[in-house]
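Secondary and tertiary structure notes
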Amino acid sequence: DNIHGSRHGNHGRAFSPFSWGLKHPAEEGCLGAARRSAFQNKIVDRCEQLQLQSAAIARHVDEVLPAKDQGVLVSPSNAARELVIQRLIFVGNACENEEQRLLEKVHAEEERAHQSILTQRVHWTEALQKLAALRTYLVDMITNLDDQGLVHAEQDIFERTEVAEGILEPQESPKLNFNQTCVQSPLLHRLWASAVLCCSQEIHIDEKTVSPHLSLLEDKKTLTFSPKKAKVDLDCPERFDHWPNALATVAFHSGVCAWKISVEKSCAYKLGVCYSSLPRKGSGNEARLGFNTVSWVFSRYDKEFRFLHAGHPQAVELIKSPAEIGVLVDFAGGEVLFYDPDSCTILFSHRETFTEPLYPVFAVAHQSISLVQ
């Protein structure tokens, strides 16, 4: 009965911590036996519920979780591990087969070019012998025959010199060169581009080069276009004062380099590379990306995609607009390549022998573009 009273007895004001709808003894008086019994039953029911709840938790900890842990270790994780292994084995086999095929093509092309050179050597060696024999014959005729003898030998001399006239001078022939296209492989090209982009460089945009039509976020990676020019120092020699262009902070001069740009927010942009000699001032084509000999860019304007260099646009047909574009430069291979990493599609590839360091270059004329890592 003391459960309803205070520790000082029934004469003190007791505090009830329960929420069973019972009122304070001071207000209702002592509980009747029936109400006390009902309250005790509620406590018993609550204890039974706690016991069942504890048993369920104990069973979950002792039985369910160990079984789940064993299942993760035995079935799903093994299946996931096996899937990774099997797919990499498949890719590895495909690469080995492609390697063997391409090396065989290289060997065959090497043999073809070598055989062409041997054939040419035999042909021109014989031509040299004929010409030398003819020259010896003619010298002998002039030296040893008198005028009447020369007249009688005229027909023979004519026939022999006519043979010499049929021997043409050597001309440059592509058959004598190794044909680099023998190693062209769409599979290798895509795998190579994907692998290079997995290790793409982190680059930043040089604030000093940013056009007054562009704003650069503090992270030095996002360019946003504005039709109104910002108040910046236009006398800065590095800054583009008309076209909405910007350069990266560093240039690349060797090896293979790559970076990715998010372009999903913009429908007017240019991405690519340029020499440091690209002019920064004026509205002429000499400072306009893709309209001079020192810049190579992939361009989008609305639904039109193009590759631009030296003012010669080449249309690029795309089914959908890429959300990201990877730019890859291979100095040794002499190539700049534009790649869609989401679809593993090569958007455009251009061969060029680069003679100077290359700066990543950007232009945007609608909303924003961002460098991504």
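Residues numbered from 1 in each chain as written. Predicted model: local features only at pLDDT ≥ 70, side-chain atom pairs only at ≥ 80, totals over all residues. Heavy atoms only, no water.

**Focus on the packing of aromatic side chains**
One pair of aromatic rings is described through two measures. These are the centre distance and the angle between the planes. Note the threshold: For Phe, Tyr and Trp, rings pair up if their centres lie within 6.5 Å, where Trp contributes its six-membered ring, and each pair is then called stacked (planes under 30 degrees apart), edge-to-face (over 60) or tilted (otherwise). Think of it this way: any DSSP run of H or I at least four residues long counts as a helix, any run of E at least two long counts as a strand, and we number them from the N terminus. Whether a residue is buried, partly exposed or exposed follows from its accessible area with a 1.4 Å probe, protein chains only, as a fraction of its type maximum: under 20%, in between, or over 50%, in that order. Whether a charge sits over a ring depends on NZ of Lys or CZ of Arg being within 6 Å of the ring centre and within 35 degrees of the ring normal.
One pass over the full model with this rule turns up eight aromatic pairs. Seen from their ring centres, Tyr275 and Trp296 are 5.2 Å apart, and the 75° between their planes marks the pair as edge-to-face. Here Trp296 lies in strand β6 (residues 295–301) and Tyr275 lies in the loop between β5 (268–274) and β6, a separation of 21 residues in the sequence. Here the two residues Tyr275 and Trp296 agree in accessibility, since each one is buried. On the basis of an interplanar angle of 35° and a centroid distance of 5.7 Å, the ring pair of Phe298 and Phe338 is categorised as tilted. Of the two residues, Phe298 sits in strand β6 while Phe338 sits in strand β10 (residues 335–340), which places them 40 residues apart along the sequence. Residue classification places Phe338 among the buried residues on the basis of a relative accessible area of 0%. The rings of Phe298, Phe305, Phe307, Phe338 and Phe348 are connected pair by pair, giving a single aromatic cluster. It is Arg160 that lies over the ring of Tyr137; its NZ or CZ is 3.9 Å from the centre.

**Concerning the pairing of strand β9 (residues 324–330)**
In plain terms, the rule: Strands pair, by our definition, only if DSSP identifies at least two bridges between them.
By the criterion of burial, β9 is predominantly enclosed, with six of the seven residues buried. Sheet analysis places strand β4 (residues 256–262) next to β9, joined by seven bridges and oriented antiparallel. Residue pairing across strands places Lys260 opposite Gly326, the latter belonging to β9. In this structure, β9 lies alongside β10, joined through five bridges in antiparallel fashion. Bridging across to β10, Val327 finds its partner in Phe338. A loop of four residues connects β9 with β10, the two strands running antiparallel in sequence, and Gly334 in this loop sits at a positive phi of about 60°.

**Quick look at the pattern of salt bridges**
Let me state the cut-off plainly: Whenever a carboxyl oxygen of Asp or Glu lies within 4 Å of a side-chain nitrogen of Lys or Arg, that contact is scored as a salt bridge.
Counted under the stated rule, the structure contains seven salt bridges. For the salt bridge of Glu109 with Arg112, the shortest nitrogen-to-oxygen distance reads 2.7 Å. In this pair, Glu109 and Arg112 are both assigned in helix α3 (residues 76–144), three residues apart and thus about one turn of the helix distant. The shortest N-O distance in the salt bridge between Glu207 and Lys220 comes to 2.8 Å. With Glu207 in the loop between α6 (186–198) and β1 (214–216) and Lys220 in the loop between β1 and β2 (222–225), this residue pair connects regions lying 13 residues apart in the sequence. Classification of Glu207 by relative accessible area gives partly exposed; the value is 46%. For Lys220, a relative accessible area of 28% corresponds to the partly exposed category.

Function-wise, these values are silent; they only describe arrangement.
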